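# Architecture and fold: a report
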Amino acid sequence: IARANGNISLIHSSSTVTGLEFTQKKSMIYAYYGGVYAQKNTAYDANGTSLIGFGMQSGSAATNTQNRNVQEATFGFNQTIWKNPKFGALNFMGQYSYLLRDPWYEKVGAPPNANVNMLFFNLRYTLPGSAPTMGK
């Protein structure tokens, strides 16, 4: 945030992505967890009367668009249906994710957080070949 005296003050945050994967022949299953937390950082304006910054929990400038934390848990599978070095590969994949969001400010009568369940399926064709290599 930019403080009234012109100094810049950082918004401290932390995050993680952790997961497990298991592959057996043409099948892979996985599970991941990810989360991010943003610490509030507020200061008074030049008049010394109003708070400014990130994570305000009250006042006219408070908004529910500033996230305190966001977390997601996901698990899924990747099944190789067909693979040929000359022609590529065909995979079927499925994934379930649960996302939870907590804002710094909650409007009166609004729920304290938001969450969503997501389900994805896809059929992927991978072109043959390998990734480009760097010149020697």
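So, a few notes on the structure that sits alongside this text.

About the cut-offs
Residues numbered from 1 in each chain as written. Predicted model: local features only at pLDDT ≥ 70, side-chain atom pairs only at ≥ 80, totals over all residues. Heavy atoms only, no water. Buried < 20%, exposed > 50% of the residue type's maximum accessible area, 1.4 Å probe, protein only. Helix = DSSP H or I, 4+ residues; strand = E, 2+ residues; numbered from the N terminus. Pairing = 2+ DSSP bridges. Phe/Tyr/Trp six-rings, centres within 6.5 Å; stacked < 30°, edge-to-face > 60°. Lys NZ or Arg CZ within 6 Å of the ring centre and 35° of its normal.

### Some details on the pairing of strand 1 (residues 13-24)
Among the twelve residues in strand 1, zero count as buried, and that is only a small part of the element. Where strand 1 meets strand 2 (residues 27-38), twelve bridges bridge the pair, whose relative direction is antiparallel. Across the sheet, residue phenylalanine 22 finds its bridge partner in strand 2, namely isoleucine 29. Counted along the chain from strand 1 to the antiparallel partner strand 2, the turn is two residues long, and its residue lysine 25 has a positive phi close to 55°.

### Focus on unusual backbone geometry
The phi dihedral of lysine 25 falls on the positive side, at around 55°, and the residue is not glycine. Counting through the fold element by element, lysine 25 comes out in the loop between strand 1 and strand 2. Lysine 25 gets classed as exposed once you look at its relative accessible area, which sits at 78%.

### Observations concerning the packing of aromatic side chains
In total, this model carries five aromatic pairs according to the counting rule given. Taking 5.5 Å as the distance between ring centres and 50° as the angle between the ring planes, the aromatic pair formed by phenylalanine 75 and tyrosine 96 counts as tilted. Placement of phenylalanine 75 in strand 5 (residues 67-84) and of tyrosine 96 in strand 6 (residues 88-103) is noted, with a sequence separation of 21 residues between them. For tyrosine 96, a relative accessible area of 27% gives the class partly exposed. One aromatic cluster is present, formed by Phe77, Phe92 and Phe121 through successive ring pairs. The aromatic ring of tryptophan 104 is capped on one face by arginine 68, whose charged end is 5.5 Å from the ring centroid.

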